[in-house]
Amino acid sequence: MIRNPIPWPNGAKCAVAITFDMDADSLIHIAKPGDSHDRLYPISMGRYGPMVAIPRILDTYRRFGLKQSFFIPGWCLETYPDVAEAILKDGHEIGHHGYLHEDPIATRGTQREWFERTLDVHQRICGQAPRGYRAPVYNITQEVVDLMVEHGLRYDSSMMGDDIPYQLDTSAGSLYEMPVHWGTDDWPPFAHFDEIGYMMPVKSPSQGLAGFWEEFDAQYDAGGFFMLILHPFLTGRLARWKQVEAWIEKTRADKDVWFATLDQIADHMDMLKRDGLWAPTTQTLPYYPGPILAEKEKT
């Protein structure tokens, strides 16, 4: 059912990545910059992520011996450096997620400043450059792709062009794509954030998470790739995380899966290519040279 499946380490049937976007309270500050400092409810909701949920999540990962990927805006690294230190101390990966969760489309033409400012923060707070990137609200643009290639990042995780990781080729170089999918993102079932324009009907933990496990079953049966895109202030809440933790425990016991960071998956893809064991499906960017209507008018 999956074209060109990736042979996973030790014959595992599926690679699993439980990724977190730790946006904290950057969301209200980018949305309402004039008075965000005095909007205490959304600030407190965002701060729940680094202050309460992340210690809970790290404890779970520690007990199960998992290493996973976190995407954190540069401002959040500066604001919560102890949290970044705890994540890195446990061997997890921290990827680039913009500076203040700015939308790359809304900031088109100025992304170099935002992107490189965040790279500087990674070096200062994390002591290393990020290996991967996830665009805020998935709104990646060619401008950002070019910046990733220029600065030596190895993968993106913002696009939706396949069921499994694939390769993006550009005139300047190549990247791996670790594809996201709204069906495995916790924003639709759990986000209720009127201040930034989201009024989702919040589902119970079991209802909200049930679709994720159906997605996993399909990927597992096909020998594929299962990635959750979660937010600490949403799925890190007690009842929701209790169910995720139970799923991790049961999956480790009953299924043949490889839990990995996205950087580890990129390493594995490199090895397969180098040894001639597998070659990724490729897509060439940009998809189009310019506005589609303008191209039609020329013809």
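Small disclaimer: the values here were computed from a predicted structure and weren't measured. (Residues numbered from 1 in each chain as written. Predicted model: local features only at pLDDT ≥ 70, side-chain atom pairs only at ≥ 80, totals over all residues. Heavy atoms only, no water.)

**Thoughts on the nonpolar core**
Then, in step 1: Val16, Ile18, Tyr61, Phe70, Phe226, Trp247 and Ile248 are the most contacted members of the largest nonpolar core, which has 52 residues in total.
Then, in step 2: Sort the elements by how many residues they give to this core and helix α2 (residues 40–64) lands first, with nine residues.
Then, in step 3: With sequence-adjacent residues up to four places away left out, Trp247 is seen in contact with Val16, Ile18, Trp213, Phe216, Phe226 and Phe259.
Then, in step 4: Membership of the second largest hydrophobic core comes to 24 residues, among which are Ala12, Val180, Met227 and Trp258. (Core = buried A, V, L, I, M, F, W, Y, C linked by side-chain atoms within 4.5 Å. Buried < 20%, exposed > 50% of the residue type's maximum accessible area, 1.4 Å probe, protein only. Helix = DSSP H or I, 4+ residues; strand = E, 2+ residues; numbered from the N terminus. Contact = heavy atoms within 4.5 Å.)

**A short note on helix α4 (residues 81–89)**
Then, in step 1: Here α4 has its buried residues at Val83, Ala84 and Ile87. Mapping the buried residues of α4 onto a view down its axis gives an arc of 100 degrees, with all of them on the same face. Of the residues in α4, the exposed ones pointing more than 90 degrees away from the buried face are Asp82, Glu85 and Lys89.
Then, in step 2: A positive backbone phi angle near 85 degrees is found at Gly91, which sits one or two residues after α4. (Arc of directions from axis to C-beta.)

**Describing the packing of helix α5 (residues 111–126) against helix α6 (residues 142–150)**
Then, in step 1: Following both chains from N to C, one finds α5 and α6 inclined at 40 degrees, their axes separated by 10 Å at the closest point. Classified by the angle between their axes, α5 and α6 sit oblique to one another. Here α5 and α6 pass one another in a crossing that is right-handed. Residues Gln111, Arg112, Phe115 and Glu116 of α5 lie in contact with α6, whose contacting residues are Glu143, Val144, Leu147, Met148 and Glu150.
Then, in step 2: Tallied by class, residues from the contact of α5 with α6 come to four nonpolar, one polar and four charged. (Axes fitted to C-alpha atoms, helices over the stretch in contact; angles between N-to-C directions. Parallel < 35°, antiparallel > 145°, perpendicular 65-115°, else oblique. Left-handed = near helix turned anticlockwise from the far one by under 90°. Nonpolar A, V, L, I, M, F, W, Y, C, P; charged D, E, K, R; others polar.)

**A closer look at the pairing of strand β2 (residues 69–72)**
Then, in step 1: Judged by which residues are buried, β2 turns out to be covered on both faces: Ser69 and Phe71 on one side and Phe70 and Ile72 on the other are all buried.
Then, in step 2: Here two bridges tie strand β1 (residues 14–21) to β2, and the two strands are oriented parallel to one another. Within β2, the position partnered with Phe20 by the bridge is Phe70.
Then, in step 3: Bridge count for β2 against strand β3 (residues 93–96) is four bridges, and the pairing is parallel. By the bridge assignment for β3, Ser69 is matched with Glu93. (Pairing = 2+ DSSP bridges.)

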